[in-house]
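Overview (structure and organization)
Below are the chains, spelled out letter by letter.
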Amino acid sequence: MTVGSTPSRAVVVGTGSRAQMFTEALARRPRLRVAALCDPNPVRIAHHQRLLKEAGEPEAAAWSPAEFERRLRADDIQEVVVTCVDALHDAYIVPALRAGCRVVTEKPMTTDAAKCRRILETVRETGNHLAVAFNYRFNPVHEEVHRQLSGGAIGEVLSVHFEWLLDTRHGADYFRRWHREKKHSGGLMVHKSSHHFDLVNWWLGARPEEVFGYGRLGFYGRAAGERSGYRRDYERAHGAAAARDDPFALELAENDAMRSLYLDAEGADGYHRDRNVFGDDITIEDDMALLVRYDTGATMTYHLTAYSPWEGYRVMFNGTRGRLELEVEESAWQPPLLGTASGRGTIHGDQALANAGGPRLVLRPLWEPPREVELPAFDHAGHGGGDERMLDVLYGPVDPADGPVDPADGAMDPAAATGAAAVDASDASRRRATEEDGALALVTGLAANQSFVSGKPVATADVVAP
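Summarised in this report is the structure supplied together with it. What you see is a predicted model, and the numbers here were worked out from it, not measured in a lab.

What follows deals with the layout of surface pockets. For the largest pocket, the calculated volume is near 780 Å³. What lines the largest pocket is a set of 39 residues, among which Thr-83, Cys-84, Val-85, Trp-178 and His-179 lie closest to the centre. By residue class, the composition of the lining of the largest pocket is 15 nonpolar, 14 polar and ten charged.

A separate point is unusual backbone geometry. Between Lys-107 and the following residue, Pro-108, the backbone shows a cis peptide bond with an omega angle of -10 degrees. Position of Pro-108 among the secondary structure elements: in the loop between strand E5 (102-106) and helix H5 (113-126). Backbone geometry at Asp-76 places phi at a positive 55 degrees, although glycine is not the residue there. Note that Asp-76 resides in the loop between helix H3 (68-74) and strand E4 (79-82). A positive phi angle, close to 65 degrees, is found at Trp-367, a residue other than glycine. Relative to the helices and strands, Trp-367 is located in the loop between strand E13 (359-365) and strand E14 (371-372).

The next thing to look at is the nonpolar core. Within the largest apolar cluster, 90 residues are counted, with the highest numbers of intra-cluster contacts made by Val-11, Phe-68, Val-80, Trp-203 and Phe-317. Sort the elements by how many residues they give to this core and helix H17 (residues 435-454) lands first, with eight residues. Non-local contacts of Val-11, meaning those with residues more than four positions away in its chain, are made with Ala-36, Leu-37, Cys-38, Trp-63, Phe-68, Leu-72, Ile-77, Glu-79, Val-80 and Val-81. The next biggest cluster of nonpolar side chains, apart from the first, holds 24 residues, and it includes Val-12, Val-34, Val-81 and Tyr-395.

Attention shifts here to the pairing of strand E1 (residues 8-13). With five of six residues buried, E1 lies mostly within the body of the structure. Sheet topology places E1 next to strand E2 (residues 32-38); six bridges connect them, and they run parallel. In the strand pairing of E2, Val-13 is matched with Cys-38. Note that E1 and E4 share four bridges and pair parallel. Bridge pairing links Val-12 to Val-81 in E4.

Under the definition given, this model contains 21 aromatic pairs. Each ring, one from Phe-219 and one from Phe-248, has its centre 6.0 Å from the other, and the planes form 55 degrees; the classification is tilted. Of this pair, Phe-219 sits in the loop between strand E8 (208-216) and helix H11 (222-228) while Phe-248 sits in the loop between H11 and helix H12 (256-263), placing them 29 residues apart in sequence. Summarising the burial analysis for this pair, Phe-219 and Phe-248 share the class buried. With centroids separated by 6.1 Å and ring planes inclined at 65 degrees, the aromatic side chains of Tyr-262 and Tyr-271 adopt a geometry described as edge-to-face. Looking at Tyr-262, the relative accessible area reads 7%, which means it is buried. The rings of Tyr-136, Phe-162, Trp-164, Phe-197, Trp-203, Tyr-302, Tyr-313 and Phe-317 are connected pair by pair, giving a single aromatic cluster. Over the ring of Tyr-262 we find Arg-273; its NZ or CZ atom is 5.6 Å from the centre of that ring.

Criteria and thresholds
Residues numbered from 1 in each chain as written. Predicted model: local features only at pLDDT ≥ 70, side-chain atom pairs only at ≥ 80, totals over all residues. Heavy atoms only, no water. 1 Å grid on protein atoms, 1.4 Å probe; cavity = no way out; pocket = protein on both sides within 12 Å on 5 of 7 lines; lining within 4 Å. Points joined across faces, edges and corners; volume = space filled by probe spheres on them. Nonpolar A, V, L, I, M, F, W, Y, C, P; charged D, E, K, R; others polar. Helix = DSSP H or I, 4+ residues; strand = E, 2+ residues; numbered from the N terminus. Core = buried A, V, L, I, M, F, W, Y, C linked by side-chain atoms within 4.5 Å. Buried < 20%, exposed > 50% of the residue type's maximum accessible area, 1.4 Å probe, protein only. Contact = heavy atoms within 4.5 Å. Pairing = 2+ DSSP bridges. Phe/Tyr/Trp six-rings, centres within 6.5 Å; stacked < 30°, edge-to-face > 60°. Lys NZ or Arg CZ within 6 Å of the ring centre and 35° of its normal.

Right under this line is the structure:
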């Protein structure tokens with residue numbers, strides 16, 4: 001599309017907190033127009049209408065989910081962004097692909113093997129691909145890791161040790177909302193860890209072949225809360241006296257965006273965003289350990305902790321010529337009863353966490369002193385800067401003068417980009433993730449969930465074969 005032509009018409013499906021990033025990003029780009037918002041809850045749609053108005057954009061059409069497939073063609077939609085509950089992604093991805101739309105879906109691509117196969121079969125039938133919003137690929141620190149490994153800094157990678165820690169502010173949030181039920185989210189192995197599994201697949205240029213793991217609910221939930229003494233007796237935080245000084249409670253009324261998106265919207269669908277993390281009906285795990293074998297012969301040990309006093313991650317790569325070590329401290333510690341200033345609520349990545357640390361990347365070659373790898377300036381907000389970089393690759397820069405758009409897929413054209421845009425667009429590691437990448441990240445989590453139940457290793461080919 002050339003500057004000055006009619007904007008591409010987009011629909012944003014699911015108007016929760018994460019969707020705000022896409023609504024605002026599309027509204028800032030003159031090549032695009034948010035033509036419709038699709039959600040069963042009209043109050044949340046109204047919140048996004050206000051975002052469009054603040055951006056100087058016209059009001060979008062309000063669609064119910066039942067109207068989605070019919071109105072794609074009737075309303076001449078070219079772009080679809082899927083940000084609804086994870087288990088419903090396929091219900092919008094498949095008809096959008098069949099309608100010839102360009103589709104971007106939030107991660108995970110979907111939540112089970114049958115839905116994954118349905119998406120992959122639709123891609124094969126239509127020849128129309130989709131992009132999965134793995135924003136961590138666009139974090140400049142992760143790009144540097146990719147450059148070091150692909151450039152042979154440690155030779156052939158033989159093993160990976162990966163630990164990811166969610167603190168009791170961020171980690172607890174998955175146990176307040178719909179993510180706490182595996183039927184909606186697939187559990188943290190699918191919803192959260194798909195980020196990490198995609199990174200390792202991408203870093204190694206490898207495909208997972210076998211997964212073995214242990215997982216348990218050991219910190220959150222009623223039984224664990226009663227054992228530890230953390231449990232307070234309330235169902236949801238709003239209006240509950242027992243929640244007033246609870247460091248695990250979320251007070252929706254204190255934040256304008258959270259009140260608008262959730263508290264004010266409860267009358268339309270009954271959804272409570274602020275449930276007790278030590279309550280009943282939690283079916284996901286909070287402590288998970290995996291061993292993964294890849295088609296390159298490399299193995300990974302992985303651990304996700306959702307109740308840590310500090311937030312961040314450590315990844316170590318062992319290779320035939322040395323070792324590469326990454327540590328990122330997102331937050332050294334979190335104080336209790338910290339208010340929610342972000343318009344995205346407590347979802348990690350929008351703003352830097354309190355007491356934020358920084359990243360460190362160390363290369364340890366064989367027979368040489370270790371040396372620290374210089375990293376670009378690091379901003380904890382926006383997933384380490386990954387959100388904005390991803391949006392630029394998916395939809396082009398906000399200012400059309402910063403670089404042209406490839407009319408085939410909306411991404412920047414490396415051959416034609418100039419200036420700062422050329423640096424970003426020419427980096428081969430900055431390619432968007434496809435449906436195959438989405439499936440490869442998903443299958444590790446699905447195999448892990450199966451292994452948690454069976455106590456046996458699971459071959460990924462027996463789960464889904466991308």
